[in-house]
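Structure at a glance
For reference, the chains in residue letters:
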Amino acid sequence: MTFSWKRVNAILQKDFKDFSRNTAVSIVIFLPIILAAIYGRMGMDSIQAHFMNINMTFSMVGTYVQCCLIAEEKEKNTLRGLMLSPASTLEILGGKSLLSFLLTIIIVFFSALLSEYKPANITIVAFAIILSTLFYIGIGTLLGLIAKSVMESSVIVLPVIGIFTMGSFVTAWTKEYPILKVAEFLPSVQLIELAEEVEQGASFVQVLSNLGIIGIWIVVVFAVTVVVYRKRMVD
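Residues numbered from 1 in each chain as written. Predicted model: local features only at pLDDT ≥ 70, side-chain atom pairs only at ≥ 80, totals over all residues. Heavy atoms only, no water.

Its volume calculated, the largest pocket comes out at about 370 Å³. What lines the largest pocket is a set of 15 residues, among which Val108, Phe109, Ala112, Ile122 and Ile129 lie closest to the centre. Elements represented by at least two residues in the lining of the largest pocket include exactly α6 (89-114) and α7 (122-146). A per-class count over the lining of the largest pocket returns 13 nonpolar, no polar and two charged. What lines the second largest pocket is a set of 14 residues, and nearest its centre among them are Leu90, Leu93, Gly94, Ser97 and Phe222. Here the lining of the second largest pocket gets seven residues from one element, more than from any other, and that element is α6. For the lining of the second largest pocket, the per-class residue count stands at eleven nonpolar, three polar and no charged. (1 Å grid on protein atoms, 1.4 Å probe; cavity = no way out; pocket = protein on both sides within 12 Å on 5 of 7 lines; lining within 4 Å. Points joined across faces, edges and corners; volume = space filled by probe spheres on them. Helix = DSSP H or I, 4+ residues; strand = E, 2+ residues; numbered from the N terminus. Nonpolar A, V, L, I, M, F, W, Y, C, P; charged D, E, K, R; others polar.)

If you want it as structure tokens, here you go:
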């Protein structure tokens with residue numbers, strides 16, 4: 001079976017209609033933009049401040065919106081219909097992720113614009129942001145498949161928002177509590193480290209380790225997601 005953009009586009013259009021009707025979900029995309037505008041007016045221009053908002057965008061848009069969209073499909077029993085349709089796993093998961101991906105990239109762009117974040121090397125940072133977006137969408141898809149309802153999805157996503165938005169602050173206590181060093185490998189922390197290195201003039205090769213760690217997270221989360229998705233197909 002060949003990959004069909006027509007099927008992916010049909011899923012995207014359906015998701016957009018569902019998203020636009022669900023005010024409780026769609027309204028969250030404005031929170032990062034509002035905070036970015038506040039940061040910009042307050043003159044908060046540190047990398048930590050910029051990326052706290054960007055990481056919040058990943059969690060609130062990439063993960064939360066994606067999780068709710070998947071959970072809503074399950075709650076309405078329409079996800080089962082998609083699974084039994086001629087569409088492949090890649091087409092379904094790709095189509096179900098495309099809206100969240102586009103929204104996340106757009107919100108990150110406007111958040112950076114309003115907070116006046118201007119990376120020294122926009123190509124490297126943009127590539128890292130795209131990779132990070134894929135990870136957070138993968139987490140959202142996985143949680144959406146696990147959740148039994150939209151209400152439950154909005155609860156189970158809260159730890160993700162907390163861990164990946166505020167996780168970078170945990171690294172301040174790694175000297176006192178060595179066990180917290182594991183937080184240094186979080187994709188949100190790796191993204192901040194990459195951005196800081198870029199500001200110091202790092203090249204693409206010099207940040208490969210950061211990109212590699214984020215890439216490993218992506219592979220792991222999507223591998224687990226596909227396993228859970230296929231399990232749902234036979235349940």
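On to the state of the cysteines. Note on terminology: a disulfide is the covalent bond linking the sulfur atoms of two cysteines. Counting across every chain of the model gives zero disulfides. The thiol sulfur of Cys67 is not disulfide-bonded, and the nearest other cysteine sulfur, from Cys68, lies at 5.6 Å. (Disulfide = S-S within 2.5 Å.)

Glancing now at the pattern of salt bridges. In this structure the tally under the stated criterion is six salt bridges. For Lys96, the salt bridge identified is with Asp15, shortest N-O distance 2.6 Å. With Lys96 in helix α6 and Asp15 in helix α1 (residues 5-21), this residue pair connects regions lying 81 residues apart in the sequence. Just as Lys96 is buried, Asp15 falls in that class too. Salt-bridge contacts for Glu73 lead to Lys96; the nearest nitrogen and oxygen are separated by 2.6 Å. (Salt bridge = Lys/Arg side-chain N within 4 Å of Asp/Glu carboxyl O. Buried < 20%, exposed > 50% of the residue type's maximum accessible area, 1.4 Å probe, protein only.)

For the rest of this paragraph, the subject is the nonpolar core. Counting residues in hydrophobic clusters, the biggest one holds 66 residues, and the most contacted among them are Phe19, Phe51, Val65 and Tyr117. Of all the secondary-structure elements, those providing two or more residues to this core are α1, α4 (47-75), α5 (78-84), α6, α7, α9 (158-170), α10 (187-199) and α11 (208-234). For this core, the element with the highest residue contribution is α4, accounting for 14 residues. Residue contacts for Val65: discarding those within four places in its chain leaves Phe19, Val25, Val28, Ile29, Met60, Ser100 and Leu103. (Core = buried A, V, L, I, M, F, W, Y, C linked by side-chain atoms within 4.5 Å. Contact = heavy atoms within 4.5 Å.)

All right, on to the environment of Ala71 then. Position of Ala71 among the secondary structure elements: in helix α4. As for Ala71 and Ile38, which are separated by 33 residues in sequence, their C-alpha atoms are 32 Å apart. For Ala71, the contacting residues outside a window of four places in its chain are Gly144, Ala147, Ser149, Val150 and Ser153.

The subject of this paragraph is unusual backbone geometry. Comment: phi is negative for the bulk of residues other than glycine, and the bulk of peptide bonds are trans. Although it is not a glycine, Glu116 adopts a positive phi angle of roughly 60°. You can see Glu116 is positioned in the loop between α6 and α7.

A few words now on the confidence of the model for the chain. Of all residues in the chain, 91% attain a pLDDT of 70 or more, and the chain-wide mean is 84. The secondary-structure element of the chain with the lowest mean pLDDT is α9, recorded at 75, while α7 shows the highest, at 93. (pLDDT = per-residue confidence, 0-100.)

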